[in-house]
Amino acid sequence: MTHLINNVKALYPRINQTYRFDNTENRSVPCDPLDDGAAYEMSFLMTKEQAKELFTAMAKAYKEKREDKWPAQLEMPFSKDEDGMYVGKAKLKGAYGKDVTNKPAQYDAKTNKLPEDFKLTTGSTVNIAVVFVPYNMREHGVSLRLKAVQVVQLAEAKAPSNPFASVEGFDTKEDNPFAGGGVSQEKIEEVTADVFDEEEPPKKKAKKKTASKPKSDDDLADIVDGWDD
């Protein structure tokens, strides 16, 4: 019983692989499909008209599947955000028993299949293919089992917000004359002014050595004769 939910906004999609909620980290983390709680899941934002249309289709599926002991009416399955948009959720377990499920396929607007590691972003406009699964356990309702997603408009990924305020301390933006790769001639002159602009002391002129007069042949003869003494 496949149903298409068209032109809704993706909200916190985690469908590139299976995830589970980690109580220690208090967030969803990637995991193996056979891990406890592993699932592909995403929420989506709808207008009031879209929510009414989806709820009507879900109520019809519930009525067709309903058994005598089941509650007669399907309760409101969507929450509402502060902007008046309705929030639905589609999910596919990583495995049912020991049978690993197939990852929900993702397609672009032209129905080209997207890479296996493609990460859908929050705020993207999408069409979602789901299968209605009516149930009655501790609660009753209709699950939206996620089958595939078509990306109509991909939203730009948002960088994580900075939780810190500015404080005194280490600053990578402090004035550094050598930052920015090459150093300009102006910076070189500014930094080296105190070192190289001092006047050099006058150089002392070297005194010329007066060449001694060559000794006469008689003097040389006397020195040579002295070696034999």
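Residues numbered from 1 in each chain as written. Predicted model: local features only at pLDDT ≥ 70, side-chain atom pairs only at ≥ 80, totals over all residues. Heavy atoms only, no water.

Q: Where do I start with the overall build of the protein in this structure?
A: Across its full length, the protein holds three helices and ten strands. By the burial criterion, 28% of the 229 residues in the protein qualify as buried. The long-range share in the protein, meaning contacts at least 24 apart out of those at least 6 apart in sequence, stands at 66%. As displayed, the protein has an accessible area near 18,000 Å², and 50% of this comes from carbon and sulfur atoms. (Helix = DSSP H or I, 4+ residues; strand = E, 2+ residues; numbered from the N terminus. Buried < 20%, exposed > 50% of the residue type's maximum accessible area, 1.4 Å probe, protein only. Contact = heavy atoms within 4.5 Å. Areas by Shrake-Rupley, 256 points an atom, 1.4 Å probe, with all protein chains shown as cover.)

Q: I would appreciate a short explanation of the pattern of salt bridges in the present structure.
A: Where charged atoms from two side chains of opposite charge come close, those side chains can pair. Under the counting rule described, the total for this entry stands at five salt bridges. The shortest N-O distance in the salt bridge between Glu41 and Arg14 comes to 3.8 Å. Here Glu41, found in strand S3 (residues 39-46), pairs with Arg14, found in strand S1 (residues 2-22); they are 27 residues apart in sequence, far enough to count as distant. Note on Glu41: relative accessible area 10%, which makes it buried. Ionic pairing is found between Arg27 and Glu25, a salt bridge with its closest N-O pair at 2.8 Å. Connected via shared salt-bridge partners are Arg14, Glu41 and Lys89. (Salt bridge = Lys/Arg side-chain N within 4 Å of Asp/Glu carboxyl O.)

Q: What should I look at first to understand the packing of aromatic side chains in this one?
A: The geometry of an aromatic ring pair is captured by the separation of the ring centres together with the interplanar angle, meaning the angle of the planes. Tallying each qualifying case throughout the model produces one aromatic pair. Ring geometry for Tyr62 versus Trp70: centroids 5.7 Å apart, planes at 35 degrees, classification tilted. We note that Tyr62, like Trp70, is buried. (Phe/Tyr/Trp six-rings, centres within 6.5 Å; stacked < 30°, edge-to-face > 60°.)

Q: How do you make sense of the nonpolar core when you look at a structure like this?
A: For soluble globular proteins, the rule of thumb is that nonpolar side chains tend to be buried together. Membership of the largest hydrophobic core comes to 32 residues, with the highest contact counts inside it found for Met42, Phe44, Leu54, Leu120, Ile128, Phe132 and Leu144. Residue assignment for this core shows that the elements contributing at least two residues are S1, S3, helix H1 (48-65), strand S5 (86-93), strand S9 (125-136) and strand S10 (140-153). For Leu144, the residues in contact, after removing those within four places along its chain, are Ile5, Phe44, Leu54, Met58, Lys89, Ala90, Lys91, Val130, Val131 and Phe132. (Core = buried A, V, L, I, M, F, W, Y, C linked by side-chain atoms within 4.5 Å.)

Q: Please explain the layout of surface pockets as it appears in this structure.
A: Once rolled over the atoms, a probe with the size of a water molecule shows which space is left empty. Size it by volume and the largest pocket reaches roughly 840 Å³. Contributing to the lining of the largest pocket are 26 residues, with Tyr135, Glu139, Val142, Ser143 and Leu144 lying nearest its centre. Here the lining of the largest pocket takes seven residues from S5, the largest share from any one element. Of the residues belonging to the lining of the largest pocket, the class tally is 14 nonpolar, five polar and seven charged. By volume, the second largest pocket is sized at about 440 Å³. Considering the residues around the second largest pocket, the lining is formed by 16 residues, among which Tyr12, Pro13, Leu120, Thr121 and Thr122 are closest to the centre. In terms of residue class, the lining of the second largest pocket is made up of eight nonpolar, four polar and four charged. (1 Å grid on protein atoms, 1.4 Å probe; cavity = no way out; pocket = protein on both sides within 12 Å on 5 of 7 lines; lining within 4 Å. Points joined across faces, edges and corners; volume = space filled by probe spheres on them. Nonpolar A, V, L, I, M, F, W, Y, C, P; charged D, E, K, R; others polar.)

Q: Got a minute to help me understand the side chain of Gln106 in this structure?
A: Take Gln106: it is sitting in strand S8 (residues 105-107). With residues up to four places along the chain from it excluded, the contact list for Gln106 reads Ile15, Asn16, Asn112, Lys113, Leu114, Phe118, Leu120 and Val149.

Q: Mind showing me how you'd approach the side chain of Asn16 here?
A: Its location among the elements puts Asn16 in strand S1. A distance of 3.0 Å separates a polar atom in the side chain of Asn16 from a polar atom in the side chain of Tyr19. Residues within four places of Asn16 in sequence aside, it is in contact with Lys103, Gln106, Glu116, Asp117, Phe118 and Lys119. (Polar contact = N/O pair within 3.5 Å; in protein donor to acceptor, adjacent residues only side chain to side chain.)

Q: Would you take a moment to explain the pairing of S1 for this structure?
A: Residues in a regular strand point their side chains to alternate faces of the sheet. One ladder, built from six bridges, connects S1 with S9; its direction is antiparallel. Looking across to S9, one finds that Ile5 is bridged to Ile128. The sheet contact formed by S1 and strand S2 (residues 27-30) spans four bridges and is antiparallel. Each bridged residue has a counterpart across the sheet, and for Phe21 the counterpart in S2 is Ser28. Counting the residues between successive antiparallel strands, the hairpin from S1 to S2 contains four residues, one of them, Asn26, with a positive phi of roughly 60 degrees. (Pairing = 2+ DSSP bridges.)

Q: What's the story with unusual backbone geometry in this structure? I'm lost.
A: Phi is mostly negative for residues that are not glycine, and the peptide bonds are mostly trans. A positive phi angle is found at Asn26, which is not glycine, with a value near 60 degrees. Inspection of the secondary structure assignment puts Asn26 in the loop between S1 and S2. In this structure, Thr111 is a non-glycine residue whose phi angle is positive, near 65 degrees. Locating Thr111 in the fold gives a position in the loop between S8 and S9.

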